[in-house]
Amino acid sequence: MALLPILEYPDERLRKVAKPLERIDAALQRLIDDMFETMYDAPGIGLAATQIDFHQQLIVMDVSEEKDQPLVFINARIVETEGSQTCQEGCLSVPTVFADVARAERVIVEALDRHGEAFRLDASGLLAVCIQHEMDHLAGKVFVDYLSPLKRQLVARKMDKRHRQQTPTRAAG
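Residues numbered from 1 in each chain as written. Predicted model: local features only at pLDDT ≥ 70, side-chain atom pairs only at ≥ 80, totals over all residues. Heavy atoms only, no water.

Novice: Which residues make up the sheet that holds strand S1 (residues 46-48), and what values do they have?
Specialist: Strand order in the open sheet formed by five strands is S1-S2-S3-S6-S7, with antiparallel pairing between adjacent strands. Each end of this open sheet is capped by a strand with a single partner; those strands are S1 and strand S7 (118-124). Taken over all neighbouring pairs, the strand axes of this sheet differ in orientation by 40 degrees on average, direction set aside. Across three bridges, S1 lies against strand S2 (residues 58-61) in antiparallel orientation. Paired with alanine 48 across the bridge in S2 is isoleucine 59. This element, helix H1 (residues 26-41), spans S1, S2 and strand S3 (71-82) of the sheet and lies at about 45 degrees to S2. (Pairing = 2+ DSSP bridges. Helix = DSSP H or I, 4+ residues; strand = E, 2+ residues; numbered from the N terminus. Axes fitted to C-alpha atoms, helices over the stretch in contact; angles between N-to-C directions. Contact = heavy atoms within 4.5 Å.)

Here's what the structure looks like:
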């Protein structure tokens, strides 16, 4: 397994809309394992393929405290929503930034698991938030899109500063 680089906001590749996955093969199984390793290492509770510059409809997540309940969603779609909740969200693509986002309190999602078997999941609370957050990534949205223009501008400045501090400067000479 390998740790994968995670794209960071405002990278334009995060805006690319993911296409449905058509093949579930050994290469995809390795990618799923690598995505889990990357997500757990970050540490996070969800990771969409868009965040690793793979623009197909694949999500991994594990919202359990023990990190022992991994979920894979391939070609997921939300078929029903109910209620609303506001939660403080963070994102592996927008490190150190947290903000309140309003989402549905309950969702019913249909998807394929890592072996291509169809399933339907009734999710609420944190799991529902995570599903909606990761599915936004596949649609080219980042959670900061829910913020006011001023807050988005502040986040963009913070991320620009972060990227400048991480970029090594060349020595003259």
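More follows now that the structure is in view.
Novice: Got a sec to walk through the layout of surface pockets? Specific residues and values, please.
Specialist: Space inside the largest pocket adds up to approximately 380 Å³. If you trace the largest pocket, you find 22 residues lining it, with Gly44, Ile45, Gly90, Cys91 and Leu92 closest to the centre. Going through the elements one at a time, strand S4 (85-89) and helix H2 (125-138) are the ones with two or more residues in the lining of the largest pocket. For the lining of the largest pocket, the element with the highest residue contribution is H2, accounting for five residues. When grouped by side-chain class, the residues that make up the lining of the largest pocket number 13 nonpolar, seven polar and two charged. (1 Å grid on protein atoms, 1.4 Å probe; cavity = no way out; pocket = protein on both sides within 12 Å on 5 of 7 lines; lining within 4 Å. Points joined across faces, edges and corners; volume = space filled by probe spheres on them. Nonpolar A, V, L, I, M, F, W, Y, C, P; charged D, E, K, R; others polar.)

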